[in-house]
Amino acid sequence: MNAASKQSDRGSAARSRLPEGVRATVIGGGLAGIAAATVLCERGAAVTVVEREPVLGGRASGWRDHLSDGQPFEMERGFHAFFRQYYNVRALLRRIDPELGNLMPLVDYPIVGPSGEMESFSGLPTRTPFQVLELVRRSPHLKLKDLMRADVRSAAQMLAFDTDTIYERFDHFTARQYLDSLSFPTRARQMLFDVFAHSFFNPEDRMSASELLMMFHFYFMGNPEGLVFDVLVEPFSLALWMPMRRYLEKRGVQFLLERSATQVSRATEKGWRVHLDKAPDHVDGDVVVLATTVPGLQSIVQASPDLQSPAWRKNVESQSVTYPFAVWRAWLDTPSSPGRHAFIGTSGLGVVDNVSEYHLFEGESRRWSMATGGSVVEVHAYAVRPELSQEAIRSEFDKTMREIYPETANARIVDERFLLRSDCPAFPPGSWRSRLQVETPFDGVALAGDFVRISQPSALMERAVSTGFLAANRLMSTWGVRPEPVRSVPTQGLLSWLPAWTAPHIA
Ligand SMILES: Cc1cc2nc3c(=O)[nH]c(=O)nc-3n(C[C@H](O)[C@H](O)[C@H](O)COP(=O)(O)OP(=O)(O)OC[C@H]3O[C@@H](n4cnc5c(N)ncnc54)[C@H](O)[C@@H]3O)c2cc1C
């Protein structure tokens with residue numbers, strides 16, 4: 001057990017359950033809110049979850065839809081990778097799937113470049129620095145002479161990660177400035193690094209270098225599991241959200257779907273009142289978890305004079321969302337060629353960031369493919385420039401798919417779905433100090449979400465769930481209740497002892 005999990009396990013002498021009658025309101029039914037609701041109801045709180053949409057899951061949600069021939073299918077917000085070091089996501093999933101049988105490993109997910117060149121991250125050693133040495137040894141995009149020209153001090157920072165100092169040292173630089181400082185050849189940089197930056201939904205030139213370094217540590221250098229991930233074998237709605245809802249309802253959780261929380265005020269007696277846009281007009285509770293998107297939080301706080309703390313409100317206002325992302329799923333009348341990968345990342349292929357072949361890993365799509373002889377392909381683009389139109393993105397997706405998978409060149413699109421959304425948080429340079437934390441200035445109110453700052457290295461789904469657990473722990477601490485363990489990869493890299501003066505000069 002590492003330092004972070006030891007710390008949050010403290011309090012083993014604490015009580016195991018909340019006193020009778022404690023009520024908790026969770027605003028937002030995404031992973032963060034559901035993680036908080038899970039811990040709170042397991043420790044005896046009467047929990048109400050308020051969610052704006054008709055389904056749970058937020059950015060990882062799924063919902064019923066129909067193909068043009070009337071056949072039902074489960075659509076979702078897009079392909080998600082469940083990395084092995086998502087300890088807290090896995091702990092949440094074990095509530096409904098103790099053996100994690102709904103997860104299937106993807107053994108290889110290459111990065112494909114514009115001329116068909118490939119970079120594979122599979123089969124690398126999992127210990128530092130051996131995975132780095134092996135990647136460099138076998139990468140066709142990085143030769144010894146390139147390494148000799150690279151900036152060693154910059155490159156060493158990837159191994160020198162330390163949660164206590166990284167933000168002080170690198171938050172004022174952009175990810176692009178840091179990547180430029182490596183002086184790697186363009187192709188090597190594209191194939192090995194650009195994918196990382198985009199996977200965080202932020203454009204390199206608007207993302208903090210410290211967040212990028214944290215990602216290198218969390219996903220590649222600093223975890224003992226390596227760059228390996230699993231995928232859900234059935235759609236999100238069936239494999240995750242329906243069983244999760246059943247699990248929570250059995251423990252008394254009430255769901256108010258299709259209701260927006262509009263305001264949080266002090267309740268007349270004690271605790272907090274959450275005002276809703278539809279009946280019931282409000283929900284009263286002793287504690288509240290705000291687990292919404294950034295714009296959702298901003299609009300609630302703006303309308304809530306009782307959340308009175310000028311400094312905190314200023315920080316809430318300063319948060320923002322990043323550029324939009326786009327997801328295109330197409331049902332084709334042709335099969336994929338043998339040997340295709342379930343998932344590929346792409347680099348240097350216009351707006352496209354990855355392509356997945358759903359029929360190769362997801363049960364529903366596989367059954368459709370077997371019944372029709374077709375295939376189900378999904379294309380993603382992250383950090384899409386806002387000036388690009390939906391039509392332009394969709395047409396580039398279609399063109400790129402046909403180029404990289406020639407067997408689809410003449411495929412007929414039987415049906416398709418296109419989503420263009422803008423609700424992923426931005427992590428601009430210089431924002432670390434004003435980023436919001438789980439704790440708020442108000443007793444009984446905590447924050448959760450993948451935009452919330454915590455000391456454990458984590459990102460995306462893992463940060464959402466970790467902050468959900470931490471928010472519940474924070475609120476339960478008033479009653480001295482045993483916290484939910486929050487596990488983390490090591491908080492320091494192999495070279496974290498490097499003194500500050502070794503940091504590179506970044507222009
Ligand atoms: C296309 C795509 C691919 C992704 N791939 C990956 C991946 O491979 N790996 C990974 O780890 N992560 C991935 N992510 C990121 C991951 O989905 C998110 O990090 C995670 O789901 C965020 O969870 P959350 O609970 O913090 O926020 P959200 O899921 O955004 O949940 C917030 C919820 O609050 C609700 N809400 C907002 N305002 C209100 C209000 N006023 N009242 C009531 N409810 C409100 C929203 O409807 C939403 O349900 C991906 C995201 C996208 C979009």
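Residues numbered from 1 in each chain as written. Predicted model: local features only at pLDDT ≥ 70, side-chain atom pairs only at ≥ 80, totals over all residues.

A.B. asks: Which residues make up the overall build of the chain, and what values do they have?
C.D. replies: From N to C terminus, the chain includes 16 helices and 20 strands. Over its C-alpha atoms the chain spans a radius of gyration of 23 Å, differing by no more than 12% from the 23 Å that the globule rule assigns to 507 residues. Principal-axis analysis of the C-alpha atoms gives the chain an extent of 70 × 65 × 45 Å. Partitioning the contacts of the chain with sequence separation of at least 6, the portion at a separation of at least 24 is 74%. (Helix = DSSP H or I, 4+ residues; strand = E, 2+ residues; numbered from the N terminus. Rg over C-alpha atoms; globule rule 2.2 N^0.38 Å. Contact = placed C-beta atoms within 7 Å.)

A.B. asks: An account of the pairing of strand 9 (residues 229–232) is requested, with residue identities and associated values reported.
C.D. replies: Here strand 5 (residues 82–83) pairs with strand 9 via two bridges, running antiparallel. The residue bridging Phe82 from the neighbouring strand is Asp230, located in strand 9. In the sheet, strand 6 (residues 103–106) pairs with strand 9 via four bridges, with the strands oriented antiparallel. Looking at the pairing, Met104 lines up with Val231 of strand 9. (Pairing = 2+ DSSP bridges.)

A.B. asks: Tell me what's going on with the sheet that holds strand 9, and back it up with residues and numbers.
C.D. replies: Spatial strand order, 5-9-6: three strands in an open sheet with antiparallel pairing. In this open sheet, the two strands that pair with only one neighbour each are strand 5 and strand 6.

A.B. asks: Give a detailed account of the environment of Ala91, specifying residues and quantitative values.
C.D. replies: When you line up the elements, Ala91 lands in helix 3 (residues 87–94). Residue Ala91 is classed as partly exposed on the basis of its 18 C-beta neighbours within 10 Å. Linking Ala91 and Glu51, residues 40 residues apart in sequence, is a C-alpha distance of 23 Å. (Buried ≥ 20, exposed ≤ 12 C-beta atoms within 10 Å, placed from the backbone.)

A.B. asks: Lay out the pairing of strand 12 (residues 272–276) in plain terms, naming residues and giving numbers.
C.D. replies: In this structure, strand 11 (residues 261–266) lies alongside strand 12, joined through five bridges in antiparallel fashion. Bridge pairing in strand 12 places Ala261 opposite Leu276. The hairpin turn running from strand 11 into strand 12, its antiparallel successor, is five residues long, and Gly271 in that turn takes a positive phi close to 80°. Where strand 12 lies against strand 13 (residues 282–285), four bridges are found, and the strand directions are antiparallel. Paired with His275 across the two strands is His282, which belongs to strand 13. Adjacent in sequence and paired antiparallel, strand 12 and strand 13 are bridged by five residues.

A.B. asks: How would you summarise the confidence of the model for the chain if you had to cite specific residues and measurements?
C.D. replies: As a general rule, the predicted coordinates of low-pLDDT regions are not to be interpreted in detail. Predicted confidence across the chain gives a mean pLDDT of 92, with 97% of residues reaching 70 or more. In this model, residues 1–11 is a region of pLDDT below 50 whose contacts with residues beyond four sequence positions or in other chains number 20 contacts. (pLDDT = per-residue confidence, 0-100.)

A.B. asks: Explain unusual backbone geometry to me, using residue names and the numbers behind them.
C.D. replies: The omega torsion across Ala279 and Pro280 is -5°, close enough to zero to call that bond cis. The residue Pro280 is located in the loop between strand 12 and strand 13 in this model. Its identity as a non-glycine residue notwithstanding, Leu100 has a phi of 55°, on the positive side. With respect to the helices and strands, Leu100 occurs in the loop between helix 3 and strand 6. Here Leu100 falls in the exposed class, since 12 other C-beta atoms lie within 10 Å of it. Although it is not a glycine, Phe201 adopts a positive phi angle of roughly 75°. By the element assignment, Phe201 lies in the loop between helix 9 (186–198) and helix 10 (209–221). Here Phe201 falls in the buried class, since 25 other C-beta atoms lie within 10 Å of it.

A.B. asks: Report on helix 12 (residues 294–302), specifying residues and quantitative values.
C.D. replies: Three or more residues of helix 12 are buried, namely Val294, Gly296, Leu297, Ile300 and Val301. For helix 12, the buried positions fall inside an angular range of 160° around the axis, keeping them on one side. Here the buried face of helix 12 lies against strand 11, strand 14 (287–290) and helix 13 (310–318). (Arc of directions from axis to C-beta.)

A.B. asks: Account for the site of the ligand, naming residues and giving values.
C.D. replies: In the vicinity of the ligand lie 34 residues, with Gly28, Gly30, Gly58, Gly78 and Gly296 positioned nearest. Among the elements of the structure, helix 2 (31–42), strand 2 (46–51), helix 12, strand 15 (325–332) and helix 16 (460–476) are those that each provide at least two residues to the shell around the ligand. Taken domain by domain, the shell around the ligand gets at least three of its residues from each of domain 1 (3–58 + 236–319 + 428–479) and domain 2 (64–84 + 103–107 + 229–234 + 322–421). (Near = placed C-beta within 6 Å. Domains from an automatic or database assignment.)

A.B. asks: Got a sec to walk through the nonpolar core? Specific residues and values, please.
C.D. replies: Within the largest apolar cluster, 137 residues are counted, with the highest numbers of intra-cluster contacts made by Ala36, Ala37, Val289, Ala448 and Ala471. Ranked by the residues each element gives to this core, the list is headed by helix 16, at 10 residues. Residues within four places of Ala448 in sequence aside, it is in contact with Ala32, Gly33, Ala36, Val289, Ala291, Val438, Thr467, Gly468 and Ala471. (Core = buried A, V, L, I, M, F, W, Y, C linked by C-beta atoms within 7 Å.)

A.B. asks: Lay out the sheet that holds strand 20 (residues 445–447) with the relevant residues and their values.
C.D. replies: Within a sheet, each strand pairs with its neighbour through backbone hydrogen bonds, oriented either parallel or antiparallel. Strand order in the open sheet formed by five strands is 10-2-1-14-20, and the pairing between neighbours is parallel. Across the chains shown, the open sheet's two edge strands, defined by having one partner strand only, are strand 10 (254–257) and strand 20. Averaged over all pairs of adjacent strands, the angle between strand axes in this sheet comes to 15°, irrespective of strand direction. (Axes fitted to C-alpha atoms, helices over the stretch in contact; angles between N-to-C directions.)

A.B. asks: Let's hear about the packing of helix 3 against helix 16: which residues, and what values?
C.D. replies: Direction vectors running N to C along helix 3 and helix 16 enclose 70°, while the axes themselves pass 7 Å from each other. Between helix 3 and helix 16, the crossing angle belongs to the class labelled roughly perpendicular. Handedness of the crossing formed by helix 3 with helix 16: left-handed. Side by side, helix 3 and helix 16 meet where Asn88, Val89 and Leu92 of the first sit next to Met461, Glu462, Val465, Ser466 and Phe469 of the second. Residues that form the contact of helix 3 with helix 16 fall into these classes: five nonpolar, two polar and one charged. (Parallel < 35°, antiparallel > 145°, perpendicular 65-115°, else oblique. Left-handed = near helix turned anticlockwise from the far one by under 90°. Nonpolar A, V, L, I, M, F, W, Y, C, P; charged D, E, K, R; others polar.)

A.B. asks: Mind laying out the environment of Met476, listing which residues take part and the relevant values?
C.D. replies: Structurally, Met476 can be placed in helix 16. C-alpha separation for the pair Met476 and Ala45, spaced 431 residues apart in sequence, amounts to 9.4 Å. Excluding its chain neighbours within four sequence positions, the residues that come into contact with Met476 are Leu18, Arg43, Val481 and Pro483.

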